[in-house]
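Structure at a glance
These are the residues of each chain, in order.
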Amino acid sequence: MMENWLSEEELKAKFTVLEDNYKIVSERVAEAAIKSGRKPEDITLLAATKTVSVPVINRAIELGVTCIGENKVQELCQKYDQLHLSNCDCQFIGHLQTNKVKQLIGKVSMIQSVDSIRLAQEISTVSVQRGFVTSVLIEVNIGKEKSKGGIYFEQIESFLAEISPLSGIVVKGLMTIPPADENIFTTMRYFENMYQKLVDIKCKKLDNISIDYLSMGMSADYVQAIEAGANMVRVGSALFGQRIY
């Protein structure tokens, strides 16, 4: 559920938590970027806004957040017209069913969770019909977890070859979520393998594939992800506090 009915006092408390957390997260992102040999501005901090109320999201944008990501189509559509997006990018980062693609095209600049040929085809079809080119990331199930979507690591290049001819979409990179129960050293290996794969694909200069983004790392491991090569991290609870479900 969303934080739909916050009192003025509760909203102020949410703002305070956000303001404090945004400063901390921004500093950690900058430190990790420098440690990895890059500049802080090379990293996109995407605020994952699932269940977060519109006033709190807009406050995050006021503070300097330039990219937000929603997990659920219905929730995004409910919030969309109230969001202050003139200087903020809006993306979709959750599991996407093909029958809901029509609700997204034109609202989001990027869909980070493309995990099937059928989904890529539907995004392509709707984008072409509406005169858009939609950026997509390929979701990779790096740990081969049955509970998660995504293609397997060894399928990445064949998958790219199949969807690259599609009109109306452009592949901008890869996204992954490593197994949550692994220790940080194992997680780092997953992250490093993804980065190396991104570099390998980029060197091949495939048609209709502009590999710009490696989206990996969330509230628990975004620092390690950046150190391993991520240039986009999806941070929710570390910014907004614990979720309300």
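Up top is the structure.
Parameters at a glance
- Residues numbered from 1 in each chain as written.
- Predicted model: local features only at pLDDT ≥ 70, side-chain atom pairs only at ≥ 80, totals over all residues.
- Heavy atoms only, no water.
- Phe/Tyr/Trp six-rings, centres within 6.5 Å; stacked < 30°, edge-to-face > 60°.
- Lys NZ or Arg CZ within 6 Å of the ring centre and 35° of its normal.
- Buried < 20%, exposed > 50% of the residue type's maximum accessible area, 1.4 Å probe, protein only.
- Helix = DSSP H or I, 4+ residues; strand = E, 2+ residues; numbered from the N terminus.
- Pairing = 2+ DSSP bridges.
- Right-handed = clockwise from strand over helix to strand, strands pointing away.
- Core = buried A, V, L, I, M, F, W, Y, C linked by side-chain atoms within 4.5 Å.
- Axes fitted to C-alpha atoms, helices over the stretch in contact; angles between N-to-C directions.
- Parallel < 35°, antiparallel > 145°, perpendicular 65-115°, else oblique.
- Left-handed = near helix turned anticlockwise from the far one by under 90°.
- Contact = heavy atoms within 4.5 Å.
- Nonpolar A, V, L, I, M, F, W, Y, C, P; charged D, E, K, R; others polar.

Per the counting criterion, the structure on display carries 0 aromatic pairs. Above the face of the Y80 ring, K107 is positioned so that its terminal group lies 5.7 Å from the ring centre.

Let us look at the pairing of strand 4 (residues 110-114). With 5 of 5 residues buried, strand 4 is to be regarded as a mostly interior element. Across 2 bridges, the pairing between strand 3 (residues 89-92) and strand 4 is parallel. Note on strand 4: the bridge partner recorded for Q91 is M110. Across 3 bridges, the pairing between strand 4 and strand 5 (residues 134-140) is parallel. Looking at the pairing, V114 lines up with I138 of strand 5. On the question of chirality, the crossover connecting strand 4 to the parallel strand 5 by way of helix 5 (residues 117-130) is right-handed.

Membership of the largest hydrophobic core comes to 67 residues, with the highest contact counts inside it found for I68, I111, I123, I138 and L174. By residue number, the principal contributor to this core is helix 1 (residues 8-35), which donates 7 residues. Core analysis: the next-biggest nonpolar cluster, separate from the first, contains 5 residues, L46, C67, I93 and M232 among them.

Bringing the packing of helix 6 (residues 156-163) against helix 7 (residues 184-204) into the picture now. At a minimum axis separation of 11 Å, helix 6 and helix 7 run at an interaxial angle of 40°. If you check the angle between helix 6 and helix 7, you find them oblique. Where helix 6 crosses over helix 7, the handedness of that crossing is right-handed. Residue-level contacts link I156, E157 and L160 of helix 6 to K197, I201 and K204 of helix 7. Of the residues that constitute the contact of helix 6 with helix 7, the class distribution is 3 nonpolar, no polar and 3 charged.

On to the pairing of strand 6 (residues 169-176), then. In terms of burial, strand 6 is a largely internal element, 8 of the 8 residues being buried. The pairing of strand 5 with strand 6 spans 7 bridges and is classified as parallel. By the bridge assignment, V136 is partnered in strand 6 with V171. Note on the crossover from strand 5 through helix 6 to strand 6: the handedness is right-handed. Relative to strand 7 (residues 209-215), strand 6 runs parallel, the two sharing 4 bridges. Residue L174 lies in a different strand from strand 7, and its bridge partner there is L214.

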